[in-house]
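# Coordinate inspection notes
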Amino acid sequence: MNVSSFSVVKGSVLPRHDWTRDEAQALYDLPFADLMFQAQSVHRANFDPNHVETASLLSIKTGGCPEDCGYCSQSAHYKTDVKATKLMDHDDVIATARRAKESGANRFCMAAAWRNPKDKDLDRVCDMVSEVKALGLETCATLGMLTREQADRLRDAGLDFYNHNVDTSPEFYGHIITTRTMQDRIETLAHARESGLKVCCGGIVGMGEQVEDRLGMLMVLANLAEHPESVPINLWNEVKGVPVNGTANAPDPIEMVRMIAVARIMMPKSVVRLSAGRQYMTDEMQALCFLAGANSIFIGDVLLTTKNPQTDKDATLLNRLGIKSRFDEVRGSEQAPSSSRAV
Ligand code: SF4
């Protein structure tokens, strides 16, 4: 199998939308150095290789969700430690966004545990979006399934990105979720696109899927008519009380790095984000993921209902690697540890 399957034109790499399973698998199976070389080549043709984006994520409405996503602590189908709450107060959301900006975030994502937003709730979310945007942050929301009209309203309020993940491969999907189909998700993504919103879409690894499923998920994303601008890759967080507990299989670190590299090659212009699960990754594993083409992280000590590395730890790691981010703007050199300091 010939896997030099991306075209290089004038130093950039053109996105393709016709990836086959064999091509994805052949990339994944390359000798590690060859895979990393290809991924770095694509990365450098499209991005500053020494920069990562820093996003912040807030759960604005937690728990009580009618969907049955088998990995999720917020589903009402499972007995977990998460308590259902109402939609957060507007001022509290804005205060959190302001703090996120001061901590070094350049994007603020608002997540609500809904199957789909009701129109009266959407009014309130639109007000939040407008005010977060006015703070000078990029805005992102994840609210469940959207109609085209709802997507238009969010766009008009100032939303930049809509997040809606496909989660896994079409083949494994039915093992994880039964209350909405993969096609439902694709339709919401289409509504976001038609409205002119940018799309954030990725999935989760470590739920019991095989490598083929991870590649199958990347194929769904890479063969969309337009690649998502952001591709979050989540490593499943252990959550008590949900079905995925019984099937979870964390990928070994090299498998995870390979997957990030394949994502980078298949979606050359997409920002690939290391999302949930970074608290399980060593600094060395994250460094390899950045080398493989990951160029975004979520910052902040909590991600929705799960833990995330401390912001200081992230700032230290990026500094050790010589990677620039908004941390540099907000922290300056006095807080940025020397690259030679042991951590
Ligand atoms: S739709 Fe979102 S909040 Fe609801 S169960 Fe699925 S992942 Fe959890």
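Structural data are supplied above this passage.
Residue numbers here run from 1 along each chain, matching the order of that chain's written sequence. Selection of residues for local features in this predicted model requires a pLDDT of at least 70, selection of side-chain atom pairs for listing and counting requires 80 or more, and totals for whole chains, interfaces and linings are taken over all residues.

### Structural notes on the pairing of strand E9 (residues 230-235)
Here exposure depends only on C-beta density: within 10 Å of a residue's C-beta, 20 or more other C-beta atoms make it buried, 12 or fewer make it exposed, and intermediate numbers make it partly exposed, the C-beta atoms being placed from the backbone. A helix here means a DSSP run of H or I that spans at least four residues, while a strand means a run of E at least two residues long, and both kinds are numbered starting from the N terminus. With 6 of 6 residues buried, E9 lies mostly within the body of the structure. Both faces of E9 are covered, namely the face carrying Ser230, Pro232 and Asn234 and the face carrying Val231, Ile233 and Leu235. Pairs of strands are assigned from DSSP output, requiring at least two bridges between the strands. The sheet contact formed by strand E8 (residues 203-205) and E9 spans 3 bridges and is parallel. Bridge pairing in E9 links Val205 to Leu235. Taken together, E8, helix H8 (residues 211-222) and E9 form a β-α-β motif whose crossover is right-handed. Here 4 bridges tie E9 to strand E10 (residues 271-274), and the two strands are oriented parallel to one another. For Val231, the partnering residue across the bridge sits in E10 and is Val272. The handedness of a crossover follows from its direction of travel: if, with the strands pointing away from the viewer, the path from the first strand over the helix to the second runs clockwise, the crossover is right-handed. The handedness of the E9 to E10 crossover, carried by helix H9 (residues 253-266), is right-handed.

### A short note on helix H1 (residues 21-28)
The complete set of buried residues in H1 reads Glu23, Ala24, Leu27 and Tyr28. Considered in projection along H1, the buried side chains sweep an arc of 135 degrees and stay on one side of the axis. When the buried face of H1 is taken as reference, the exposed residues oriented beyond 90 degrees from it are Arg21 and Asp22. Residues are treated as contacting if the C-beta atoms built from their backbones sit within 7 Å of each other. Here the buried face of H1 lies against helix H2 (32-46), H8 and H9. As used here, the arc is the angular range of directions from the helix axis to the C-beta atoms.

### Some remarks on the environment of Thr282
If you trace the backbone, Thr282 turns up in the loop between E10 and helix H10 (283-292). Here the alpha-carbon distance between Thr282 and Asn295, two residues 13 residues apart in the chain, equals 17 Å.

### Thoughts on unusual backbone geometry
A positive phi angle, near 75 degrees, is found at Asp167, a position not held by glycine. Looking at the element boundaries, Asp167 is found in the loop between strand E6 (161-163) and helix H6 (170-176). Looking at Asp167, the number of C-beta atoms within 10 Å reads 24, which means it is buried.

### Focus: the nonpolar core
The nonpolar core is taken to be a set of buried Ala, Val, Leu, Ile, Met, Phe, Trp, Tyr and Cys residues joined by way of C-beta atoms within 7 Å. In this structure, Tyr71, Met110, Ala141, Tyr162, Ile260, Val262 and Ala263 are the most contacted members of the largest nonpolar core, which totals 100 residues. It is H9 that contributes the most residues to this core, 9 residues altogether. Apart from the residues lying within four places of it in its own chain, the contact partners of Ile260 are Ile233, Val272, Cys289, Ala292, Gly293 and Ala294.

### Topic: the pairing of strand E5 (residues 138-142)
One face of the sheet, then the other: side chains in a regular strand alternate in exactly this way. Within E5, 4 of the 5 residues are buried, which leaves the element mostly enclosed by the surrounding structure. Note that strand E4 (residues 107-112) and E5 share 5 bridges and pair parallel. If you follow Phe108 over to E5, its bridge partner there is Thr139. This β-α-β element, E4 to helix H4 (residues 119-134) to E5, shows right-handed connectivity. Assessed by its sense of winding, the connection that carries the chain from E5 through helix H5 (residues 148-157) to E6 is right-handed.

### Some details on the environment of Lys83
Within the fold, Lys83 resides in the loop between strand E3 (53-61) and helix H3 (90-103). Once the C-alpha coordinates of Lys83 and Gly63 are considered, the two residues, 20 residues apart in sequence, prove to be 6.0 Å apart.

On their own, these measurements won't tell you what the molecule is for.
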